[in-house]
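Residue-level structural notes
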Amino acid sequence: MSDESRSSFRQPAPEGEELFHAIHARHHDTIGVRKPAVAVPKLRRILEAALTLSNRKGFQAMSLRDLSRATGISAGGLYAYFDSKTTLLKMILTEVTEAVERELATPPEGADPEAHLRWLIDTHLRLTEAMLPWFTFAFMEAKNFPPAERRMAVDSEALTEGYFAEAIARGVASGRFRADSPPLMPALIKPLLQEWYVKRAKYRRRGVTLESYSATVQALVLGALLAPSDGDPA
């Protein structure tokens, strides 16, 4: 992949403070601690512990006592940041959706449909690598979410598919992609991306790097979409 088409993904600031400052600002109406200098370090401790515990034993099985023990924050202290586990769940799911929208909504300027699609694949993989516990949580726990939160997860997945559908439609319209490109392709790309963060151990054992996985997914997808050049067999 050329430098121009490589992902422009922006990782969170060192120690992730920028990420948690944004979460504090986004949920200021439900977080009782107003001063960022006080609130952000504890909010980070709470969310990281919740993700660790949930990915180990399940969100429904995680109790406030577990979270209090893991963070060293009393139950009363936890309630200063969220009033229920459902609110905590919404914080996590909202951040996953916000991250997808922030990183995938604006492709590199002037990118043609092929470069756009390559960029989307690479950027999504790099985003999930940087926020691995968040995306693993959203995928693994979705079946246990309450209806409203399950809808949030479904809508987030549809948002991702929409970015791929837009790039593919551009490619078909320009003649770069096949006119008979499979309409299910955006939905088929998503499981390939999820495979990376859900089954990380499998690829780690095989020595597969993010770069090689990204290149393989790009080759598979573009192989199915690219229109044959003049003189090439259809």
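To be clear, the structure that these remarks concern was listed above.
Counting restarts for each chain: residues are numbered from 1 in the order of the written sequence. Totals for whole chains, interfaces and linings use all residues, but because this is a predicted model, local features are given only for residues with pLDDT of at least 70 and pairs of side-chain atoms are given and counted only at 80 or more. With hydrogens and water stripped out, all remaining heavy atoms of the structure feed into the side-chain values.

Moving on: the overall build of the protein. Scanning the protein from terminus to terminus reveals eleven helices and zero strands. Secondary structure elements of the protein, listed N to C terminal, follow the sequence α-α-α-α-α-α-α-α-α-α-α. Summarising its shape, the C-alpha atoms of the protein cover approximately 70 × 35 × 30 Å along the three principal directions. Note on classification: 1.4 Å probe, protein chains only; a residue is buried when its accessible area is under 20% of the maximum for its type, exposed when over 50%, partly exposed between these limits. Going through the 234 residues of the protein one by one, you find that 42% of them count as buried. Accessible surface is estimated by sampling points in the Shrake-Rupley manner with a 1.4 Å probe; for residues, cover comes only from the protein chains shown. For the protein, the accessible area works out to roughly 11,900 Å², and carbon and sulfur atoms hold 54% of it. Numbering of helices and strands runs from the N terminus; a helix is a DSSP stretch of H or I covering at least four residues, while a strand is a stretch of E covering at least two.

Our next topic: the environment of Q218. Among the secondary structure elements, Q218 is positioned in helix α11 (residues 210-225). Distance from Q218 to E114, taken between C-alpha atoms, is 9.6 Å for residues 104 residues apart in sequence.

Let's shift gears to the layout of surface pockets. Buriedness for pockets is judged along seven lines, at least five of which must meet protein on both sides within 12 Å for an open set on the 1 Å grid over protein atoms alone, while cavities are sets there where a 1.4 Å probe fits but cannot get out, and lining residues have an atom within 4 Å of a point. Grid points are joined across faces, edges and corners, and a volume is the space filled by probe spheres set on the points. Roughly 290 Å³ of internal volume is contained in the largest pocket. Along the walls of the largest pocket sit 19 residues, with A138, A153, S156, E157 and K190 positioned nearest its centre. Elements represented by at least two residues in the lining of the largest pocket include exactly α5 (85-104), α7 (132-140), α8 (147-174) and α9 (185-198). Here the lining of the largest pocket takes eight residues from α8, the largest share from any one element. Each residue gets one label: Ala, Val, Leu, Ile, Met, Phe, Trp, Tyr, Cys and Pro are nonpolar, Asp, Glu, Lys and Arg are charged, and the others, such as Gly, are polar. Taken together, the residues of the lining of the largest pocket break down into twelve nonpolar, four polar and three charged.

A few words on the packing of helix α6 (residues 113-130) against α8. Viewed as axis vectors pointing N to C, α6 and α8 meet at an angle of 160°, and their least axial separation amounts to 8 Å. Taken together, the axis directions place α6 and α8 in an arrangement best described as roughly antiparallel. Crossing hand, α6 versus α8: left-handed. Between α6 and α8, the contacting residues are P113, H116, L117, L120, I121 and H124 on the first element and T160, Y163, F164, A167, I168, R170, G171 and S174 on the second. In terms of residue class, the contact of α6 with α8 is made up of eight nonpolar, five polar and one charged. Between the N-to-C directions of two axes lies an angle of 0 to 180 degrees, each axis being a line fitted to C-alpha atoms and, for a helix, fitted only over the stretch in contact. Any angle that falls under 35 degrees is termed roughly parallel, while one over 145 is termed roughly antiparallel, one within 65 to 115 roughly perpendicular, and all others oblique. By definition, turning the near helix anticlockwise from the far helix through less than a right angle yields a left-handed crossing, and turning it clockwise yields a right-handed one. The criterion used for residue contact is that any of the two residues' heavy atoms lie within 4.5 Å.

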